[in-house]
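Coordinates in review
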Amino acid sequence: DAGVIQSPRHEVTEMGQEVTLRCKPISGHNSLFWYRQTMMRGLELLIYFNNNVPIDDSGMPEDRFSAKMPNASFSTLKIQPSEPRDSAVYFCASSLVVSASEKLFFGSGTQLSVL
Amino acid sequence: AQTVTQSQPEMSVQEAETVTLSCTYDTSESDYYLFWYKQPPSRQMILVIRQEAYKQQNATENRFSVNFQKAAKSFSLKISDSQLGDAAMYFCAYRRKTGNQFYFGTGTSLTVIP
């Protein structure tokens, strides 16, 4: 299996532009997580899907952020409009929730820079 | 949401020595899971060790072991015989048993001095 696949690996954009980050979870996994990593806050949970349904989006910072999971093999995180403070590494992770002892499998992250 | 606190932003250790990374968490739940992940400069997230809250025995994986103090809500990671390849950012994580959300701390950057 190729693991969790995220694209793009790097994204540079200007303030006000729309940004879309993409994620393909590991086949067969039924949970998907989006995280944002910054030096100040570490890894923040933005949103969590179970069986393609958003379960907890309390970590989404504001209405500019939205996430979708139209099917079991694809998810997007969109920022519109983007702001410089959104600059961070965004990780997608997936897990097969048979037991909560199951670990998360992470993608390689998207480094977002908003100028 | 549960909170996970790592109070040591940076730590350093001499090669072959032992180092302990601290982690505390806040929860009202009685059953949950705790993890330590390692993030080298490549940004890859690697599971180091996991602990189930209902188990009294501390988890061990080769040179890595934990000191789990449930009453104190403390979950520290001990790295023995430190190696240069252990240099990385280390994240402590809490996973709810119901709901399955994973919460991470802010990380500890570990430097290994040759």
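We now turn to the structure provided with this report. This one's a predicted model, so the numbers in the text were calculated from it and none came from an experiment. (Residues numbered from 1 in each chain as written. Chains lettered and ligands numbered in written order. Predicted model: local features only at pLDDT ≥ 70, side-chain atom pairs only at ≥ 80, totals over all residues. Heavy atoms only, no water.)

Re the packing of aromatic side chains
Cut-off, in case you're wondering: Whether two aromatic rings pair depends on their centres lying within 6.5 Å, for rings of Phe, Tyr and Trp, where Trp uses its six-membered ring; planes under 30 degrees apart make the pair stacked, over 60 edge-to-face, and the rest tilted. Counting from the N terminus, the helices are the DSSP runs of H or I reaching at least four residues and the strands are the DSSP runs of E reaching at least two. Throughout, exposure labels follow a simple rule: accessible area from a 1.4 Å probe, protein chains only, divided by the maximum for the residue type, with under 20% read as buried, over 50% as exposed, and the rest as partly exposed.
Evaluated as defined, the whole model comprises 18 aromatic pairs over all chains. Taking the centre distance of 6.1 Å and the plane angle of 85° together, the rings of A:F33 and B:F102 count as edge-to-face. Of the two residues, A:F33 is situated in strand β4 (residues 31–38) and B:F102 in strand β11 (residues 102–104); the pairing between them involves two chains. Relative to B:F102, the ring of B:F35 has its centre 4.9 Å away and its plane inclined at 45°; by these criteria the two rings are tilted. Within this pair, whereas B:F35 is found in strand β5 (residues 32–39), its partner B:F102 is found in strand β11, the two being separated by 67 residues in sequence. For B:F35, a relative accessible area of 0% translates into the label buried. Given the relative accessible area of 0%, B:F102 is considered buried. One aromatic cluster is present, formed by A:F33, A:Y35, A:Y48, A:F91, A:F106, B:F35, B:Y37, B:F91, B:F102 and B:F104 through successive ring pairs.

Quick look at the pattern of salt bridges
So the rule is basically this: One side-chain nitrogen of Lys or Arg within 4 Å of one carboxyl oxygen of Asp or Glu is enough to make a salt bridge.
Counted under the stated rule, the structure contains 11 salt bridges over all chains. Bridged by salt links that share partners, the residues A:E62, A:R64, A:E83, A:R85 and A:D86 form one connected network.

Let's talk about the interface of chain B and chain A
The line we're drawing: Whether two residues are in contact is decided by their heavy atoms: any pair within 4.5 Å suffices. Here the quantity called buried area is the accessible surface, traced with a 1.4 Å probe, that two parts lose on coming together, added over both. Between N or O atoms, a polar contact is any pair within 3.5 Å; within protein, one atom must be a potential hydrogen donor and the other a potential acceptor, and residues adjacent in sequence are included only when both atoms are from side chains. Polar here means any residue outside two lists: the nonpolar Ala, Val, Leu, Ile, Met, Phe, Trp, Tyr, Cys and Pro, and the charged Asp, Glu, Lys and Arg; Gly therefore counts as polar.
Facing the 21 residues of chain B at the interface are 27 residues of chain A. Roughly 2000 Å² is buried in total at the junction of chain B and chain A, and carbon and sulfur atoms are behind 55% of that figure. Considering only the surface of chain B that becomes buried against chain A, B:R43, B:R95 and B:F104 emerge as the three largest contributors, covering 31% of it. For the pair chain B and chain A, the interface holds six residue pairs in polar contact (both at pLDDT 80 or more). Those elements that provide at least two residues to the side of chain B that touches chain A are β5, β6 (46–52), β10 (88–96) and β11 of chain B. Element by element, the count of residues in the side of chain B that touches chain A is highest for β5(B), at four residues. Counted by class, the side of chain B that touches chain A contains nine nonpolar, seven polar and five charged residues.

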